[in-house]
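Examining the three-dimensional arrangement
Chain by chain, the residues:
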Amino acid sequence: MSSERILTVARAGREAVMWEMKNDPSVFMLGEDVFTFGGVFGTADGLGEMFGPERILDTPISETGFIGIATGAAMAGMRPIVELAFIDFIGVCFNAIANLAAKHQYLSNGQVKIPMVLMLGAGGGYNNGAQHSQYLLSTLAHMPGMVIVAPSNAYDAKGLMHSAIRSDDFVVYAGQKKVAGIGLLGSPIKTSMAAVPDEPYTIPFGEARVVQEGTDITFVGVSWTVHQCIQAAERLQKEYGLSVEIIDPRTIVPLDREAIFKSVSKTGRLLVADEDYQDFGFTGEVIAGVVERDPTILKSPPVRVANPNVNIPFSRPMEQRVLPTADRIFDATVALLNL
């Protein structure tokens, strides 16, 4: 008989990792501070003691090296989970990600699989400066050869982690830091916590979730911005009686373009909120996907709410000015509809 508990995103992801490691000896984890410390965001908490140093491997701060090791292990039939900690660190190991892990399946004409998960902590909002606060998923999504997962809640986090570990493809699993529910980053976002079944389950890549239905405008958010959309929608309904539909893609690659188009076909308006930089990013891609298919469904121009193309400030007030907060989403909607 199954049971459910209310978990944070981090604990739900850890539960999936633990189950897969118990039930598949080919699964192992390596990365910075995973054995004793449990990883920066707690995904490996206690797993070092449980599985030992042969399956939970602490590595030096040499990202190119250990991502290369994991890629080789995946090619040999293992299922490595790599903890990179901060997405900002892709700058020092981009070759290993984009030219090794993401390309060998194609270069081998499918004869070599890369069943590997790269875990990244992404996003800002806690004053860690320009080098530890970026989202950068559009940078990775621009490169072929990888699935990109971005859960917004605990239920999705566990199901998508099971799917990621079992996949024969290279999967980037991006956990937004404030969504994770780690104590050192403040209280968990209430709407990110969810009832999670004890037993394992999977969520298919490329299937969006309708967070709430509405008729007046579609909001599309990613991970943390899903919760900002929820807060903005509540205020818009309370102050203006506006009915907002919210779409959570759950995976950026593949992207459920059909779900987004279906929603915008109903509401006629679109706002996309993303914590990555606005220029050349996810927000523009979502809008292009709708406009290229049928621009006549739009009653008004689509709107982007994202980080402007500036380095993320260390100062708390300045950082809040650039993040795609609920206030910015609310103001953009009011301006769009002339409320």
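Residues numbered from 1 in each chain as written. Predicted model: local features only at pLDDT ≥ 70, side-chain atom pairs only at ≥ 80, totals over all residues. Heavy atoms only, no water.

1. Overview of helix H4 (residues 94-101)
Of all the positions in H4, only Ala-96, Ile-97, Ala-98 and Ala-101 are classed as buried. Where the residues of H4 are buried, they touch helix H3 (63-75), helix H5 (104-107), strand S5 (117-122) and helix H6 (137-141). (Buried < 20%, exposed > 50% of the residue type's maximum accessible area, 1.4 Å probe, protein only. Helix = DSSP H or I, 4+ residues; strand = E, 2+ residues; numbered from the N terminus. Contact = heavy atoms within 4.5 Å.)

2. A closer look at the pattern of salt bridges
Tallying each qualifying case throughout the model produces 14 salt bridges. Look at the salt bridges and you will find they share partners, linking Arg-5, Glu-15, Lys-158 and Asp-198 into a network. (Salt bridge = Lys/Arg side-chain N within 4 Å of Asp/Glu carboxyl O.)

3. Remarks on the nonpolar core
If you look at the biggest cluster of nonpolar residues, it comprises 58 residues, and the most contacted ones within it are Ile-67 and Phe-170. Per-element accounting of this core gives the leading share, five residues, to H3. Beyond its immediate stretch of four places on either side in the chain, Phe-170 contacts Ile-97, Ala-101, Ala-102, Ile-114, Met-116, Leu-118, Gly-145, Met-146 and Val-147. In terms of nonpolar packing, the next biggest core, distinct from the first, is built from 35 residues, Val-17, Phe-51, Val-147 and Leu-323 among them. (Core = buried A, V, L, I, M, F, W, Y, C linked by side-chain atoms within 4.5 Å.)

4. Quick notes on the sheet that holds S5
Strand order in the open sheet formed by seven strands is S3-S2-S4-S5-S7-S6-S12, and the pairing between neighbours is mixed. Both edges of this open sheet fall to strand S3 (56-58) and strand S12 (251-253), since each of them pairs with a single strand only. Sheet twist, expressed as the average angle between the axes of neighbouring strands with direction ignored, equals 20°. Note: S5 against strand S7 (residues 171-176), six bridges, orientation parallel. By the bridge assignment for S7, Gly-121 is matched with Gly-175. Each of strand S2 (27-31), strand S4 (79-86), S5, strand S6 (147-149), S7 and S12 touches helix H7 (residues 154-166); the most contacted strand, S7, lies at about 155° to it. (Pairing = 2+ DSSP bridges. Axes fitted to C-alpha atoms, helices over the stretch in contact; angles between N-to-C directions.)

5. A look at the sheet that holds strand S13 (residues 270-277)
Pairing is mixed across the open sheet formed by five strands, whose spatial order is S9-S11-S10-S13-S14. Of all the strands in the sheet, the pair left with one neighbour each is strand S9 (209-212) and strand S14 (303-307). Geometrically, the sheet is characterised by an average inter-axis angle of 25° between neighbouring strands, direction not taken into account. Two strands pair when backbone bridges link them, and S9 and strand S11 (residues 244-248) are joined in this way by three bridges, in the antiparallel orientation. Looking at S11, one finds that Arg-209 is bridged to Asp-248.

6. Some words on the packing of aromatic side chains
This structure, assessed with the given rule, holds three aromatic pairs. Judged by centre distance (4.6 Å) and plane angle (20°), the rings of Tyr-155 and Tyr-201 are stacked. One end of the pair, Tyr-155, is in helix H7; the other, Tyr-201, is in the loop between strand S8 (194-197) and S9, with 46 residues separating them in the sequence. By relative accessible area, Tyr-155 is classed as partly exposed at 34%. Centroid distance Tyr-240 to Phe-330: 6.2 Å. Interplanar angle 35°. Geometry classified as tilted. Highlighted residues: Tyr-240 in helix H9 (residues 224-240) and Phe-330 in helix H13 (residues 326-337), separated in sequence by 90 residues. (Phe/Tyr/Trp six-rings, centres within 6.5 Å; stacked < 30°, edge-to-face > 60°.)

7. Focus: the side chain of Arg-55
When you line up the elements, Arg-55 lands in the loop between helix H2 (47-51) and S3. Buried charge without a partner: Arg-55 forms no salt bridge, and the closest opposite charge is Asp-24, 6.3 Å away. At 3.1 Å, the side chain of Arg-55 forms a polar contact with the backbone oxygen of Asp-24. Ignoring anything within four residues of it in the chain, the contact list for Arg-55 reads Met-21, Asp-24, Pro-25, Val-27, Phe-28 and Met-29. (Lys, Arg positive; Asp, Glu negative; His and termini not counted. Polar contact = N/O pair within 3.5 Å; in protein donor to acceptor, adjacent residues only side chain to side chain.)

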